[in-house]
Amino acid sequence: MSGFSAELIDYLEGRITFEEFDKRRDERRAKESEETEVSAEGVEEEEDAQPSTSAQIPGIKDDGVSPGVQLAFASMLGETLRPPSSEEEAEEEEEEDSMSYVDDEDDEDYKVEEAEKAKVDVEVEVKKQRRRGKGGGGGRRGRGHRKRREEEEENEEDEEDPSVGDVFALEMELNRENKKMMRERRHRSKLPRALRGLMGEANIRYARGEKEDAIMMCMEIIRQAPLAYEPFSTLAMIYEDDEDMEKALQFGLIAAHLNPSDGEEWIRLAEMSLEQDNIRQAILCYTKAIKYNPTNVRYLWERSSLHMRLGEHKHCMDGYRRILSLLPMEDGEHFMQLSKDMAKSYYESSDLTSALGVIEDALLRHPSLVSDDFINMAAELYIASRQYNKALEVLVQFTGLLLIRDEAAAEVVEPKQEEREAESTTEEEEKKSDEETKSETVEETAAEQKGEIKDVQVPDSVPVDLRAKLMVCLIHLHVFTPLEGLVSTLMEQSAEEIGDLYLDVAEAYLEEGEYMTALPLLSALVISEKYNLAVVWLRHAECLKALGHMEVAAESYTKVVEMAPLHLEARLSLATLQQQLGRPECALKALESMYDSETLAQDSSAAQKELKLLLHRSTLLKTQGRIQDYLDSTITMISMLLKVAMQRAKVCVRSVIVSGENHLRLVKVKDMQTEIDDQEAAYLDNTGKTNVLSKEDWWQLLVSCVLTLCDVQRYEEAELMVESAMEFYSFYDNKPRRKEMEFIGLSATILDRNHYNAYNYIRLMLMEKVDLPQLWNIFNQLTITSHHQRHHRFCLRLLLKHPENHALCVLCGHNAMVSGSFKHALGQYVQAFQTHSDNPLYSLCVGLTFFHMASQKYVAKRHALVLQGFSFLWRYVELRGECQESMYNLGRALHQMGLTHLAIHYYQKALTIPAPKLEGMPDDQVDLQREIAFNLSLIYQASGNMGMARQLINTHCVI
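This structure is a prediction, so every number in the text was calculated from the model and none was measured.

Asker: Tell me about the overall build of the chain, and please be specific about residues and values.
Answerer: In terms of regular secondary structure, the chain is built from 52 helices and 4 strands. Contacts in the chain between residues at least 24 apart in sequence constitute 56% of all its contacts with a sequence separation of at least 6.

Asker: Can you break down the pattern of salt bridges residue by residue, with the values?
Answerer: With the rule as written, the count across this model stands at 26 salt bridges. As a salt-bridge pair, Arg-280 and Glu-312 come within 2.4 Å of each other at their nearest N and O atoms. With Arg-280 in helix H14 (residues 279-292) and Glu-312 in the loop between helix H15 (297-309) and helix H16 (313-326), the pair connects residues that are 32 residues apart, well separated along the chain. Classification of Arg-280 as partly exposed rests on a relative accessible area of 48%. Looking at Glu-312, the relative accessible area reads 17%, which means it is buried. Its salt-bridge partner being Asp-373, residue Lys-340 comes within 3.7 Å of it at the nearest N-O pair. Linking Lys-340 in helix H17 (residues 332-348) with Asp-373 in helix H19 (residues 372-384), this pair joins segments that are 33 residues apart in sequence. Given a relative accessible area of 23%, Lys-340 falls into the partly exposed group. Given a relative accessible area of 47%, Asp-373 falls into the partly exposed group. The network of salt bridges with shared partners includes Glu-201, Arg-205, Glu-210 and Asp-213.

Asker: Explain unusual backbone geometry to me, using residue names and the numbers behind them.
Answerer: Most of the time, phi is negative for any residue but glycine, and the peptide bond is trans. The residue Glu-243 is not glycine, and still its phi comes out positive at about 60 degrees. Positionally, Glu-243 belongs in the loop between helix H11 (230-241) and helix H12 (245-258). A relative accessible area of 68% means that Glu-243 is categorised as exposed. The phi torsion at Ser-659 lies on the positive side, around 55 degrees, for a residue other than glycine. Take Ser-659: it is sitting in the loop between strand E3 (651-658) and strand E4 (661-668).

Asker: Got a sec to walk through the packing of H12 against helix H13 (residues 263-275)? Specific residues and values, please.
Answerer: Contact pair H12 / H13: the axes reach a minimum separation of 10 Å and the direction vectors enclose 150 degrees. When the axis of H12 is compared with that of H13, the two are roughly antiparallel. Judged by the sense of rotation from one axis to the other, the crossing of H12 with H13 is left-handed. Where H12 abuts H13, its residues Met-245, Ala-248, Leu-249, Gly-252, Leu-253, Ala-256 and His-257 lie against Glu-265, Trp-266, Leu-269, Met-272, Ser-273 and Glu-275. Of the residues that constitute the contact of H12 with H13, the class distribution is 8 nonpolar, 3 polar and 2 charged.

Asker: Would you mind going over the packing of H15 against H16 in detail, with residue names and values included?
Answerer: Direction vectors running N to C along H15 and H16 enclose 160 degrees, while the axes themselves pass 8 Å from each other. By the angle between their directions, the pair H15 and H16 is classed as roughly antiparallel. In the crossing of H15 with H16, the sense of the turn from one axis to the other is left-handed. Between H15 and H16, the contacting residues are Val-297, Leu-300, Trp-301, Arg-303, Ser-304, Ser-305, His-307 and Met-308 on the first element and His-315, Cys-316, Met-317, Gly-319, Tyr-320, Arg-322, Ile-323 and Leu-326 on the second. Residue composition of the contact of H15 with H16, grouped by class: 9 nonpolar, 5 polar and 2 charged.

Asker: I'd like a description of helix H26 (residues 483-491), backed by residues and values.
Answerer: Taken together, the buried positions of H26 are occupied by Leu-483, Leu-486, Val-487 and Leu-490. Viewed along the axis of H26, the buried residues span an arc of 95 degrees, placing them on a single side of the element. Turning to H26, the residues buried within the fold contact helix H25 (464-476) and helix H27 (495-511).

Asker: Quick one: what's the story with H25, residue by residue and with numbers?
Answerer: An α-helical turn contains 3.6 residues, so any two residues separated by three or four positions project in the same direction. The end-to-end C-alpha distance of H25 is 19 Å, a good match for the 18 Å that 13 residues give at a rise of 1.5 Å each. Across the 13 residues that make up H25, a large majority, 11, are buried. Inspection of H25 places Asp-465, Leu-466, Ala-468, Lys-469, Leu-470, Met-471, Val-472, Cys-473, Leu-474, Ile-475 and His-476 among the buried residues, and these make up the whole buried set. Contacts made by the buried residues of H25 are with H19, helix H20 (388-399), strand E2 (453-457), H26 and H27. His-478 sits one or two positions beyond H25 and adopts a positive phi of about 60 degrees.

Asker: I'd love a proper account of the confidence of the model for the chain, names of residues and values included.
Answerer: Of all residues in the chain, 77% attain a pLDDT of 70 or more, and the chain-wide mean is 78. Under a pLDDT of 50 for its full length, residues 79-148 has, in the predicted model, 69 contacts with residues more than four places off or in other chains.

Asker: Tell me about the packing of aromatic side chains, and name the residues and values.
Answerer: Under the definition given, this model contains 12 aromatic pairs. Ring plane angle 40 degrees and centroid distance 6.1 Å describe the contact between Tyr-759 and Phe-779, whose orientation is recorded as tilted. With Tyr-759 in helix H42 (residues 755-768) and Phe-779 in helix H43 (residues 773-785), this pair connects stretches of sequence that are 20 residues apart. Following the ring pairs from residue to residue traces out a cluster consisting of Tyr-759, Trp-776, Phe-779 and Phe-794.

Reading the values: rules and limits
Residues numbered from 1 in each chain as written. Predicted model: local features only at pLDDT ≥ 70, side-chain atom pairs only at ≥ 80, totals over all residues. Heavy atoms only, no water. Helix = DSSP H or I, 4+ residues; strand = E, 2+ residues; numbered from the N terminus. Contact = heavy atoms within 4.5 Å. Salt bridge = Lys/Arg side-chain N within 4 Å of Asp/Glu carboxyl O. Buried < 20%, exposed > 50% of the residue type's maximum accessible area, 1.4 Å probe, protein only. Axes fitted to C-alpha atoms, helices over the stretch in contact; angles between N-to-C directions. Parallel < 35°, antiparallel > 145°, perpendicular 65-115°, else oblique. Left-handed = near helix turned anticlockwise from the far one by under 90°. Nonpolar A, V, L, I, M, F, W, Y, C, P; charged D, E, K, R; others polar. Arc of directions from axis to C-beta. Expected span 1.5 Å × (residues − 1). pLDDT = per-residue confidence, 0-100. Phe/Tyr/Trp six-rings, centres within 6.5 Å; stacked < 30°, edge-to-face > 60°.

In structure tokens, the structure reads:
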């Protein structure tokens, strides 16, 4: 604005009034006219030297000055500037109307301002037309130089002396520009104009201390305009003054969400959230603040610290990575320290890849700031990730190490280079001479790196921990020649001071199988006071075991178990060594339980270790033939697996004293209280504890336990074990294993003479495989020995589904015969006889059914029934032949019908026939002499021949 007059600048800046501006302008005009008349030639030179202000305005948009302001200035100065298009003006006016607090169509000031603007626009257009007319006419008529100069002077006076309307137009444009800049600094308000007065009144009431009225006003504003942030912000301040921080925080959060671009407000809310120990909400507030100020390192740091407090390692590291990307190159110390802390955190969380990424970025960005600690960490990470070459490169690059390699490898590459150069053309050699030179240098370097390392020159300034890292790298790279001097130098220092470095080098030797070289280092550590630790003794024992010194290795393992009784691997190795040395009792002592029951129930890791220990203990007990102790171990293991299933089956494990020793027994408890509320969650938790063994291993262990229980005749416990296993999801869902377990359970119940449970097993099997004769034989044996008749209805229901089943038909006939339903039995027997007429059993059954029907009290055709019965009975004798069995059955039928004189004949004939010899069965089991003699004695007793009856009993029945 240096091209304007002094009075105009003073007026626009508010230093003088308009009357003073008009007066000073007239005085300036009179003074300039006098100077023009006196020295016209001086004026001409002054005009030539004076730069035109219009050259700075057209086409240029200064920073912070809108086109409207430029147009107003140009109109006062008489310059031609392209006015903004109608669309641009409409958009600008629409934006101003939509976002302004005071420019509204209903505002009177706004209407006056619009009228003044229209008036100024008309005046500007008139002046433009006037300037165009004057400029064009002067060129056409060819006026003289003097007259042209006078007109230009008049035009300059008009341009330099703006009118009152021009001043008002300029003032309005500047006012609009100021309002627009103020709007850009604040968020667009959603508070209607009708409620702005009420909002102002609420703020005034709050300032006066009338908080209740202010709260009511704010609530009313919220009811009418819920998306305006001003009432919420005022309520937050009110409640904060009242020390109701919880409500203040809630209202502040609502206001911040409605006006999210206020970063400072988000930070204040985050601090309030931390005061209320709401870390999660504080993180959300910092995230909002970072969204609108993403380069603020403090916000990122605070949020990362909060993530670390919550244990959210990944989010914390992501924040630190953003901080690293924002730190300038000048802030290298902070960059290196933060990189070091991040790498340490990544290493502790076993994320070696991310840790190496951070370290490598730091090494590349600030190589001059790398310290010995940083080099040590980088080498440690590379060694942990088994990148020994890179670890060696870092040590060589930053510590001044010198590797002396074999030069033979570099010479091997030269013939290949010559062949490649001979094949290339002359033009390519000219174009790529520089590139080939570089490639040769790279190849020579690679050849040197591939050469065998002969020696290592270590400066005296290299710390001992970096020397140890160098030795570890060389050991893993199988470079053993330079190591002798390095290890000797290391062992010259006291193990009490650098024992950890001793252990690192020794472990590297152990990993590469160099046990003889590692043994002196470990021996020096086990005799020290500071590093006489369990881990050192363990490595010492492993080294001795690998060298074949079993006795000394066992002593070292014993020392490890004494110092770390919860170390599982040491216990297992010690037990194995003791077993190999012929000390079974010592081996079992090493495998004693490590945890109590409460720890096993709460700690999953402890349960897994205990399972591994019990598995080895059970295997050792079985090989030693200690079956009862073996069963105790297996029952303990399986009870850990089937914890939830045993609760459902109401089976528990109890300790009992047997022969003066405590052993475990499985017991059925009817009134067992359920200790597990959520069985599904308990099953999932138990699965996590027992996943150290696969499902196949658990299955083999269960089968071995059940079969061993049956071998020692603990059938009831075997039955309870099977019942519990059937309640376990993993076993029940596997159909083949479920079927196998059902057969094992059936065998256990039959051996235990538990016919009730045995019937439950065989019933399920028959429903799936109704045509299997073996199952029907077992079913028949169970129904014969059991004392209940619930199988009758089962057979009838099954017969309706399978009417053609032969075994089911015969069994239904037997059931009907036993229950007295002779007609039903006769129908079933006849059906079986029709399909198997050559089987003597069915002829016998049909004949006996007729005899039973004839023996009833009320029967219409008794003689016909007897004749039919004897006809089937004689058919039975024909099919079976004259043997002890057939004669006995015939005599028994005659005895039942009262034909005792005929029955005596067949009884006596049966006594004379010897019993058959059946393979696999004792002779007395199929001999019917006792039954025959007893029935015959009954006939003699009924006839009064007591002597004959006594003789038969003494001869055949008395032992």
